[in-house]
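Fold and contact review
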Amino acid sequence: PTIISQGKIMLRKSLVPSVLFLSIAALSAMASTVQAQEADVNFSGSVTKACQFIGDPVNGSLAPNNETLPTQLSSKGAGTPGNVKVRCNSAATISAGVPVSTGDTFAFAETTHSLSANGTTGVSIPAAVGTLNNVNVNLTLNNNGTVIPPGDYAYKIVVSAVAN
């Protein structure tokens, strides 16, 4: 009985390391056949060209060139220019539309208007990119030497900013 039981013990002792070795070898073989998987994660976005008016427009005022016998009303001189602030993220053009009477109607001989910002003056001016454009809006109503009749004169100029 001792020899048989010693044989079982010997068999058990040699079987355990063999099973352990075979298990590790099988796992290693499976691990080497498993392929790593990859996936690309992409990101995208876009920014459109745009301009935005900042804050409310500041209205201008027209002052007569002479208190008694005026022949001109203007935002220059004793008057004050209107003002808008605009910021654009790309090249843009800031433009002034044609002045439209919103008060007493009178056919002035000459109506001139302009925008000025960043050292440039005109009816259309380029916007500085990425910075605040502080745009003054001027209007002059000229009657070419003829006295302007009494009245309440009011005008509106639409200012637009268009990204190029």
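Right, let's walk through the structure included here.

Calculation rules
- Residues numbered from 1 in each chain as written.
- Predicted model: local features only at pLDDT ≥ 70, side-chain atom pairs only at ≥ 80, totals over all residues.
- Heavy atoms only, no water.
- Helix = DSSP H or I, 4+ residues; strand = E, 2+ residues; numbered from the N terminus.
- Buried < 20%, exposed > 50% of the residue type's maximum accessible area, 1.4 Å probe, protein only.
- Contact = heavy atoms within 4.5 Å.
- Areas by Shrake-Rupley, 256 points an atom, 1.4 Å probe, with all protein chains shown as cover.
- 1 Å grid on protein atoms, 1.4 Å probe; cavity = no way out; pocket = protein on both sides within 12 Å on 5 of 7 lines; lining within 4 Å.
- Points joined across faces, edges and corners; volume = space filled by probe spheres on them.
- Nonpolar A, V, L, I, M, F, W, Y, C, P; charged D, E, K, R; others polar.
- Phe/Tyr/Trp six-rings, centres within 6.5 Å; stacked < 30°, edge-to-face > 60°.
- Pairing = 2+ DSSP bridges.
- Axes fitted to C-alpha atoms, helices over the stretch in contact; angles between N-to-C directions.

Helix and strand content of the protein chain: one helix and twelve strands. Tracing the protein chain from N to C terminus, the helices and strands come up as α-β-β-β-β-β-β-β-β-β-β-β-β. For the protein chain, the residues scored as buried account for 25% of the 164 residues in total. In the protein chain, of all internal contacts separated by at least 6 residues, the share reaching a separation of at least 24 is 74%. Carbon and sulfur atoms make up 59% of the accessible area of the protein chain, which amounts to about 11300 Å² in all.

We now examine the layout of surface pockets. By rolling a water-sized probe across the atoms, one finds the places where empty space is left. The volume enclosed by the largest pocket comes to roughly 390 Å³. Lining of the largest pocket is provided by 20 residues; of these, Asn59, Gly60, Gly82, Tyr155 and Ile157 occupy positions nearest its centre. Elements that contribute at least two residues to the lining of the largest pocket include exactly strand 4 (82–88), strand 10 (132–142) and strand 11 (155–156). Classifying every residue of the lining of the largest pocket gives eleven nonpolar, eight polar and one charged. Of the volumes computed, that of the second largest pocket is approximately 190 Å³.

Before going further, it helps to examine the packing of aromatic side chains. Overall, the coordinates contain three aromatic pairs when judged by the stated rule. Ring centres of Phe106 and Phe108 lie 4.9 Å apart, and the angle between their planes is 85°; on these two criteria the pair is classed as edge-to-face. Judged by relative accessible area, which is 11%, Phe108 ranks as buried. Between Phe108 and Tyr153 the ring centres are 5.5 Å apart and the planes differ by 70°, which places this aromatic pair in the edge-to-face class. Taken as a pair, Phe108 in the loop between strand 6 (100–101) and strand 7 (110–117) and Tyr153 in the loop between strand 10 and strand 11 lie far apart in primary sequence, 45 residues in all. Pair check on accessibility: Phe108 and Tyr153 agree, each one buried. Taken together, the aromatic side chains of Phe106, Phe108 and Tyr153 make up a single cluster linked through ring pairs.

We now examine the sheet that holds strand 5 (residues 92–96). Reading across the sheet, the three strands line up as 9-5-12 and stay open at both edges, with antiparallel pairing between neighbours. Of all the strands in the sheet, just strand 9 (124–127) and strand 12 (159–163) have a single pairing partner and so form its edges. The mean angle between the axes of side-by-side strands here comes to 25°, regardless of whether they run parallel or antiparallel. Pairing analysis gives five bridges linking strand 5 to strand 12, with the strands arranged antiparallel. The partner of Thr93 across the bridge, within strand 12, is Val162.

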